[in-house]
Amino acid sequence: MTDPISNNVINPSVGESDTSLQYCVKHSRRATNLRCNRCNDLICSECANKTPVGYRCHLCIMSQQSIFETVFWYDYFIVGLLSFVLTIFAMWIMKGVGWLMLFVAPVFGRIMSDIISRSIKRRRGKNLSFVAVGFMGLASIVVWDLWGLIFVIISANIVYRNLKGINI
Ligand SMILES: [Zn+2]
Ligand SMILES: [Zn+2]
């Protein structure tokens, strides 16, 4: 029972300048002056989570994670399949256009990232772009062709940036 925080708590009923004392929003008996640097709630040492940007409460950590990770597990499957099928389809259509690939590839990249993004209802996940690029690369190996490879490199670069959340 040696809790250094609760030992510091002065009983408010004593009435000794208790206005200077502040308590954790979750643990009303633990005095603290630490605040979550996002929502500014008072947090005790147990409620505080150390992050690279400072101390945060549990709620802020949780909501922060759900902003960046909104994908479901099957989204990766959809993204992988679409990237693979669409790339093979595009390479097949554009077989023989040669250097014109250089102009078509960026357009295709944009259309493709839009299709992928819509298919998963614009949910976001930090690994989605890797999955998309990986399956585009796989498709280029299956349909081996030099211009096709250049085409995939250009369009995959655009898909990667779009799915990462860097808007065009
Ligand atoms: Zn907070
Ligand atoms: Zn607490």
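The text that follows walks through the structure, step by step, so that each part is easy to find. Since we're looking at a predicted model, the values are computed, not measured.

**Description of unusual backbone geometry**
The general pattern is negative phi for most residues beyond glycine and trans for most peptide bonds.
Move 1: Its identity is not glycine, yet Asn 40 carries a phi of approximately 70 degrees, on the positive side.
Move 2: Mapping Asn 40 onto the fold places it in the loop between helix H1 (4–7) and strand E1 (49–51).

**Considering the nonpolar core**
Move 1: In this structure, Val 79, Ile 116, Ala 132, Met 136 and Val 159 are the most contacted members of the largest nonpolar core, which totals 21 residues.
Move 2: Among the secondary structure elements, those contributing two or more residues to this core are helix H3 (73–93), helix H4 (101–119), helix H5 (128–142) and helix H6 (146–163).
Move 3: For this core, the leading source of residues is H5, giving six residues.
Move 4: Cys 24, Cys 36, Cys 47 and Cys 57 belong to the second largest nonpolar core, which has six residues in total.

**Quick notes on the packing of H3 against H5**
Move 1: In the contact formed by H3 and H5, the axes pass within 8 Å of each other and the chain directions differ by 35 degrees. Crossing handedness for the pair H3 and H5: right-handed. Facing Tyr 76, Val 79, Gly 80, Ser 83, Phe 84, Thr 87 and Ile 88 of H3, the residues of H5 in contact are Leu 128, Val 131, Ala 132, Phe 135, Met 136, Leu 138, Ala 139, Ser 140 and Val 142.
Move 2: Along the lines of polarity and charge, the residues of the contact of H3 with H5 split into twelve nonpolar, four polar and no charged.

Calculation notes
Residues numbered from 1 in each chain as written. Chains lettered and ligands numbered in written order. Predicted model: local features only at pLDDT ≥ 70, side-chain atom pairs only at ≥ 80, totals over all residues. Helix = DSSP H or I, 4+ residues; strand = E, 2+ residues; numbered from the N terminus. Core = buried A, V, L, I, M, F, W, Y, C linked by C-beta atoms within 7 Å. Buried ≥ 20, exposed ≤ 12 C-beta atoms within 10 Å, placed from the backbone. Axes fitted to C-alpha atoms, helices over the stretch in contact; angles between N-to-C directions. Left-handed = near helix turned anticlockwise from the far one by under 90°. Contact = placed C-beta atoms within 7 Å. Nonpolar A, V, L, I, M, F, W, Y, C, P; charged D, E, K, R; others polar.

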